[in-house]
Amino acid sequence: MKVLVTDPIADAGIERLREAGHDVETAYEVEGDALHEAVSDASALVVRSGTQVDRDLFEAAPELVIVGRAGIGVDNIDIDAATDHGVIVANAPDGNVRAAAEHTVAMTFAIARSIPQAHARLKAGEWAKGEYLGTEVNNKTLGIVGLGRVGQEVAKRLGNLGMDLVAFDPYIGEERAEQLGAELADLDEVLERADFLTVHTPLTPETEGLIGEEELAQLEGGYLINCARGGVVDEPALAAAVEDGVLAGAALDVFAEEPLPDDSPLLDVEDVVVTPHLGASTEAAQENVATSIADQILAAFAEEPVVNA
Ligand code: NAD
Ligand code: MLT
């Protein structure tokens, strides 16, 4: 069967599908008619966050049995359209959790200690030692919005570094939070208490714009980290809040529009640190998600249960 891969995944996943006798084709950075042509005879499609799998794509793909997301977020896939076309949507929810949590910790330190800013100055020949006075995370409060897989791994790591943990997640039980040493509270309280706020929700109609101007004002003097999904945080409001000194800084791996447009106001603010959606970009994570999604495609082709559908 033909498997079309439209965002780069680790070779191990591609090899697993080829070894099982399938014809794997790659078509990266292809859009519109060319994408529709490429998918027209595909039985499976593998994507990460780059490909928008919309209703038109499903209509152009009559043979499609399964869309595999080599990663967690399925916000780039029109699930209703998949259901209407009888196509399975599967993701790989476990393989990149630790990578995303580690990146969140890295971004927390990057902004707390101005590491990217100081690095850029030194590379430019300036020894700006006197200009950077950082913030320790020890004894500070970490507010976690979304205490799921990644949020929990972040809680463990930053809790072990001496942070007090307070979390907002309406779908998580007290007991699980307690096991992690986190206190559950409503969003207002989390915002009021947090010195650092880290976001780990999916992007849904409920979470879109969850952290806007008002919420950023409640976090006054704090730092915001978003390694989950752009769109959960209002970007123009965030850029203004950091620029105006309402927040001490922000670190972002994800954006409402990706790639981040050159004219984004976030790029002009010194204390906003950005990375280009690198949370899952480790060798281990990429191998995990690629092989996991390959296994699920093989299960779908064999008409066996698909675990993360
Ligand atoms: P998850 O489903 O395990 O956890 C999400 C948590 O958010 C759940 O506990 C859920 O109850 C909670 N939640 C849902 N709606 C909420 C709301 N309105 N308010 C508060 N909490 C809410 O997902 P995960 O695996 O932890 O992934 C978290 C996010 O990180 C996703 O958006 C995922 O796509 C993203 N992610 C990004 C990268 C990256 O490369 N930057 C890598 C991995 C995951
Ligand atoms: C995810 O949701 O898994 C992340 O966006 C990681 C990615 O695929 O880049």
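Quick note: structure is the one above.
Bear in mind that the values here come from a model prediction, so they are computed numbers and not experimental data. (Residues numbered from 1 in each chain as written. Chains lettered and ligands numbered in written order. Predicted model: local features only at pLDDT ≥ 70, side-chain atom pairs only at ≥ 80, totals over all residues. Heavy atoms only, no water.)

Focus: the sheet that holds strand E9 (residues 196–199)
Right, on to step 1. In spatial order, the strands read E8-E7-E6-E9-E10-E11-E12; together these seven strands make up an open sheet with parallel pairing. Each end of this open sheet is capped by a strand with a single partner; those strands are strand E8 (182–184) and strand E12 (272–274). This sheet shows a mean twist of 20 degrees between the axes of neighbouring strands, independent of strand direction.
Right, on to step 2. With three bridges joining them, strand E7 (residues 164–168) and E8 adopt parallel strand pairing. Note that in E8 the partner of Val-166 across the bridge is Glu-183.
Right, on to step 3. Sheet strands in contact with helix H7 (residues 149–160) are strand E6 (141–145), E7 and E9, and its direction is about 175 degrees off that of E6. (Pairing = 2+ DSSP bridges. Helix = DSSP H or I, 4+ residues; strand = E, 2+ residues; numbered from the N terminus. Axes fitted to C-alpha atoms, helices over the stretch in contact; angles between N-to-C directions. Contact = heavy atoms within 4.5 Å.)

Some remarks on the pattern of salt bridges
If charged atoms from side chains of opposite charge come close, those side chains can pair.
Right, on to step 1. Scanning the entire structure with this criterion turns up twelve salt bridges.
Right, on to step 2. Residues Arg-149 and Asp-94 are paired through a salt bridge, measuring 3.4 Å at the closest nitrogen-oxygen approach. Within this pair, whereas Arg-149 is found in helix H7, its partner Asp-94 is found in the loop between strand E5 (88–91) and helix H5 (97–112), the two being separated by 55 residues in sequence.
Right, on to step 3. Residue Lys-156 is joined to Glu-153 by a salt bridge in which the shortest nitrogen-to-oxygen separation is 2.8 Å. Here Glu-153 and Lys-156 lie together in helix H7, a separation of three residues that amounts to about one turn. (Salt bridge = Lys/Arg side-chain N within 4 Å of Asp/Glu carboxyl O.)

Considering the site of ligand 2
Right, on to step 1. Near ligand 2 you find Arg-48, Arg-69, Ala-70, Gly-71, Ile-72, Gly-73, Asn-96, Arg-229, His-277 and Ala-280, and these make up its full shell.
Right, on to step 2. Contact between ligand 2 and Arg-48: an oxygen atom at 2.9 Å from a side-chain N or O atom of the residue.
Right, on to step 3. One of the side-chain N or O atoms of Arg-229 is found 2.7 Å from an oxygen atom in ligand 2.
Right, on to step 4. In the complex, the protein chains occlude 91% of the 270 Å² of accessible area that ligand 2 would expose alone. (Near = heavy atom within 4 Å. Polar contact = N/O pair within 3.5 Å; in protein donor to acceptor, adjacent residues only side chain to side chain. Areas by Shrake-Rupley, 256 points an atom, 1.4 Å probe, with all protein chains shown as cover.)

Overview of the side chain of Arg-121
Right, on to step 1. Assignment of secondary structure puts Arg-121 in helix H6 (residues 115–123).
Right, on to step 2. Its relative accessible area of 19% is what places Arg-121 among the buried residues.
Right, on to step 3. A polar side-chain atom of Arg-121 sits 3.2 Å from a polar atom in the side chain of Tyr-132. (Buried < 20%, exposed > 50% of the residue type's maximum accessible area, 1.4 Å probe, protein only.)

With respect to the nonpolar core
Right, on to step 1. Leu-197, Ile-211, Leu-216, Leu-224, Leu-238, Leu-247 and Leu-266 are the most contacted members of the largest nonpolar core, which totals 31 residues.
Right, on to step 2. Every element with two or more residues in this core is listed here: E7, helix H9 (187–193), E9, helix H11 (235–243) and strand E11 (249–252).
Right, on to step 3. When residues of this core are assigned to their parent elements, the largest contribution, five residues, is made by H11.
Right, on to step 4. Apart from residues no more than four positions distant in its own chain, Ile-211 is found in contact with Leu-187, Leu-197, Val-199, Leu-216, Leu-224, Val-232, Val-233 and Asp-234.
Right, on to step 5. Counting residues in hydrophobic clusters, the runner-up holds 29 residues, among them Ala-112, Met-163, Phe-196 and Ala-251. (Core = buried A, V, L, I, M, F, W, Y, C linked by side-chain atoms within 4.5 Å.)

Description of the site of ligand 1
Right, on to step 1. Near ligand 1 you find 27 residues, and of these Arg-149, Val-150, Asp-169, Thr-201 and Asp-253 are the closest.
Right, on to step 2. Arg-229 places a polar side-chain atom, nitrogen or oxygen, 3.3 Å from an oxygen atom of ligand 1.
Right, on to step 3. One of the side-chain nitrogen or oxygen atoms of Asp-253 is found 2.9 Å away from a nitrogen atom of ligand 1.
Right, on to step 4. Across the complex, the protein chains shield 90% of the 870 Å² of accessible surface that ligand 1 would expose by itself.
Right, on to step 5. Partitioning the shell around ligand 1 into residue classes produces 13 nonpolar, nine polar and five charged. (Nonpolar A, V, L, I, M, F, W, Y, C, P; charged D, E, K, R; others polar.)

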